Amino acid sequence: MKKQGFILFSAMISLAVFLVGCPYSSEIPLSSVNSKLNEGFAGKWELSGSPDNYLTVKKLSSGELSIVKHEPGYDGAEGTNTPYVGNLTEIKGVLFLSLREDTEDTSYATYYFYRINREGANKIMVQQVTPNIDEKFTTGSEMATFFGNNMQHSFFYDANDETYYKIE
């Protein structure tokens, strides 16, 4: 019976990922590294209401952010740690995170984009940029202009916001 429950749970998660999708992605980031914007984000950030889900953020020597997403395992399974590299870009006073998985081969990197709403030093709200954007961009500045012209619309973001609290 436990095995059937696990299979059903796995199928539901797979379906949810398929239906919800990933945030908007591109082969280019919004901007080059601006280490000044990355200040103050280092530490451990816990997902609201879920102490086993957290982010560990460190500033790299390049000025980028190293972000490791820790997710718990289910039914005794081991949890996962997924490494990412990110960079913040400010557009009209709003912070956006360009995030890519941290792999050795960056020639085929895919960046994902999130709006970061900082509420004080120890709280951030993260909003995924919708995957429904059809436009393709050849430069980060073209993409940043598009984001700046559309970021005020509610449909520009996925409906699932996440709130994180800095605990270390």
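Residue numbers restart at each chain and count upward from 1, following the sequence in its written direction. Totals for whole chains, interfaces and linings use all residues, but because this is a predicted model, local features are given only for residues with pLDDT of at least 70 and pairs of side-chain atoms are given and counted only at 80 or more. Just so you know, side-chain values use all the structure's heavy atoms and leave hydrogens and water out.

A.B. asks: Quick question: what am I supposed to make of the pattern of salt bridges here?
C.D. replies: Oppositely charged side chains may form a pair once their charged atoms are brought near each other. Salt bridge, as used here: a side-chain nitrogen of Lys or Arg that lies within 4 Å of a carboxyl oxygen of Asp or Glu. Scanning the entire structure with this criterion turns up two salt bridges. Across the salt bridge formed by K69 and E71, the nearest N and O atoms sit 4.0 Å from each other. With a shortest N-O distance of 3.2 Å, E119 and K123 are connected by a salt bridge. Using a 1.4 Å probe on the protein chains alone, a residue whose accessible area is under 20% of its type maximum counts as buried, one over 50% counts as exposed, and one in between counts as partly exposed. Take E119: its relative accessible area is 40%, and that puts it in the partly exposed class. Under the relative-accessibility criterion, K123 is labelled partly exposed at 26%.

A.B. asks: How should I be thinking about unusual backbone geometry in this particular structure?
C.D. replies: Trans is the common state for peptide bonds, and a negative phi is the common state for residues other than glycine. Its identity is not glycine, yet K92 carries a phi of approximately 50°, on the positive side. Each helix is a run of DSSP H or I of at least 4 residues and each strand a run of E of at least 2, with the numbering of both proceeding from the N terminus. Inspection of the secondary structure assignment puts K92 in the loop between β5 (80–91) and β6 (94–101).

A.B. asks: It is not clear to me how the environment of E90 should be interpreted in this structure. Could you clarify?
C.D. replies: Its place among the elements puts E90 in strand β5. Here the alpha-carbon distance between E90 and L37, two residues 53 residues apart in the chain, equals 7.8 Å. By the convention used here, residues are in contact when the closest approach between their heavy atoms is within 4.5 Å. Other than its neighbours up to four places away in sequence, E90 contacts L37 and L95.

A.B. asks: It is not clear to me how the confidence of the model for the protein should be interpreted in this structure. Could you clarify?
C.D. replies: Low-pLDDT stretches of the model should not have their predicted coordinates read in fine detail. Residue-level confidence of the predictor is summarised by pLDDT, bounded by 0 at the bottom and 100 at the top. Residue-level pLDDT values for the protein average 85, and 88% of them are 70 or greater. Considering only residues more than four positions removed or in separate chains, one finds that residues 1–20, a stretch of pLDDT under 50, has six contacts.

A.B. asks: Quick question: what am I supposed to make of the side chain of H70 here?
C.D. replies: Within the secondary structure layout, H70 lies in strand β4 (residues 65–71). For H70, a relative accessible area of 13% translates into the label buried. Pairs of N or O atoms are called polar contacts if they sit within 3.5 Å, as long as, within protein, a hydrogen donor faces a hydrogen acceptor (for residues adjacent in sequence, only side-chain-to-side-chain pairs). A polar side-chain atom of H70 sits 2.5 Å from a polar atom in the side chain of N81. With sequence-adjacent residues up to four places away left out, H70 is seen in contact with D52, N53, Y54, L55, T56, T80 and N81.

A.B. asks: What am I meant to see in the packing of aromatic side chains here?
C.D. replies: We describe a pair of aromatic rings using the distance from one ring centre to the other and the angle between the two ring planes. Pairing of aromatic rings covers Phe, Tyr and the six-membered ring of Trp, with a centre-to-centre limit of 6.5 Å; geometry is then stacked below 30 degrees between planes, edge-to-face above 60, and tilted otherwise. Tallied over the full model, the rule gives nine aromatic pairs. A ring pair is formed by F113 and F147, whose centres lie 5.7 Å apart and whose planes are at 80°; its orientation type is edge-to-face. Here the residue F113 occupies a position in strand β7 (residues 111–118), and F147 occupies one in helix α2 (residues 140–150), the gap between them amounting to 34 residues. Residue F113 is classed as buried on the basis of its relative accessible area of 0%. On the basis of relative accessible area, F147 is assigned to the buried category, the value being 0%. Among the aromatic residues, those joined into a ring-pair cluster are Y24, F96, F113, F137, F146, F147, F156 and Y157. Criterion for a charge above a ring: Arg CZ or Lys NZ at most 6 Å from the ring centre, at most 35 degrees from the ring normal. For the cation-ring pair, K44 lies above Y54, with the distance from its terminal atom to the ring centre recorded as 4.2 Å.

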